[in-house]
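Notes for the structure review
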Amino acid sequence: MPRTPFIAGNWKMHTTADEARKLAAEVRDAAAGAEGVDVLVCPPFTALPAVAGVLAGSSVMLGAQNVFYEESGAFTGEISPPMLTSLGVTYVIAGHSERRQYFGDTDEIVNKKVRAALAHGLNPILCVGEKLKEREAGEGWKDLVRGQVTAGLDGVSADEMPRVTVAYEPVWAIGTGKTATPQTAAEAHAIIRNAVGEKFGADVAANLRILYGGSVKPENVKELMAEAEIDGALVGGASLKAEAFGPLIRFRE
Ligand code: PEP
């Protein structure tokens, strides 16, 4: 079975509820009639109900940018998996590099988030990727990315793996305008797929969708998506304007 391309937008800390409603309506319209591609938007928590209303009945799926791993309790400021599912959220990003960098999300915490998401029926997008220094220091980045993948998926069963997506997001390419070449991204994706194969077997690896993230835009999406290893994109900046996100959804045209 070929893997269905998957284009996901991470709106980060952008959009008020009103702005999100407008953007979501534009994305919904841009995605209407687009065949053979899964489309996801991840607005901020505060805009989820507004966006859920706009997307109801459309093919565009709703995701959150983060989740806490406990169900409820004295965790001021955190959002639990049931709070998300109750709003119609089906996907959640875990371990985005900005969470790792600014909010202390370690591999262990990211793994707890992945497992909590799965336990509550959410589909996690596990983000991994090396920093510029690590990329420039030789071959070590490969072990680092492998390590992020195996740690992030610790305790996950092969049966749960069809619900997992991995996003390879080299930190040096996020929001910098520097995109990994399609070959560089594909090499990293192959490393990730191998690591998943070693842990869960060849079938799970063959079915895993691996997204590339890092300055994806209409000008480079076609060549990235032409790589057999690249199953889609996790998009930051270019997901904030339907004029840019629309062509990403329609990357085949
Ligand atoms: C991201 O935030 O996941 C991302 C890839 O951002 P950008 O597309 O802006 O580089």
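Just above, that's the structure.
First, a word on scope: everything that follows refers to the structure included in this document. In this text, all values refer to a predicted model and were calculated from it rather than measured experimentally.

Describing the site of the ligand
- Around the ligand, a shell composed of 14 residues is seen, among which Lys12, Glu169, Gly175, Ser215 and Gly236 lie nearest.
- A distance of 2.7 Å separates an oxygen atom of the ligand from a polar atom in the side chain of Lys12.
- Within the backbone of Gly237, one N or O atom sits 2.8 Å away from an oxygen atom of the ligand.
- In isolation the ligand exposes 290 Å². Once the protein is present, 95% of that is buried.

A few points about the packing of helix α5 (residues 107-119) against helix α7 (residues 140-152)
- Contact geometry of α5 with α7 gives a least axis separation of 8 Å together with a crossing angle of 45°. As judged from the angle between their axes, α5 and α7 are oblique. Packed against α5, whose contacting residues are Asp107, Asn111 and Val114, the element α7 presents Gly147, Gln148, Ala151 and Gly152 at the interface.
- When grouped by side-chain class, the residues that make up the contact of α5 with α7 number two nonpolar, four polar and one charged.

Here's the deal with helix α1 (residues 17-31)
- Compared with the 21 Å implied by 1.5 Å per residue over 15 residues, the 21 Å span of α1 between its first and last C-alpha is a close match.
- Burial in α1 covers these residues: Ala20, Leu23, Ala24, Ala25, Val27, Ala30 and Ala31.
- Residues of α1 that are buried make contact with β2 (38-42), α2 (48-55) and α11 (242-249).

The rules we used
- Residues numbered from 1 in each chain as written.
- Predicted model: local features only at pLDDT ≥ 70, side-chain atom pairs only at ≥ 80, totals over all residues.
- Heavy atoms only, no water.
- Near = heavy atom within 4 Å.
- Polar contact = N/O pair within 3.5 Å; in protein donor to acceptor, adjacent residues only side chain to side chain.
- Areas by Shrake-Rupley, 256 points an atom, 1.4 Å probe, with all protein chains shown as cover.
- Axes fitted to C-alpha atoms, helices over the stretch in contact; angles between N-to-C directions.
- Helix = DSSP H or I, 4+ residues; strand = E, 2+ residues; numbered from the N terminus.
- Parallel < 35°, antiparallel > 145°, perpendicular 65-115°, else oblique.
- Contact = heavy atoms within 4.5 Å.
- Nonpolar A, V, L, I, M, F, W, Y, C, P; charged D, E, K, R; others polar.
- Expected span 1.5 Å × (residues − 1).
- Buried < 20%, exposed > 50% of the residue type's maximum accessible area, 1.4 Å probe, protein only.

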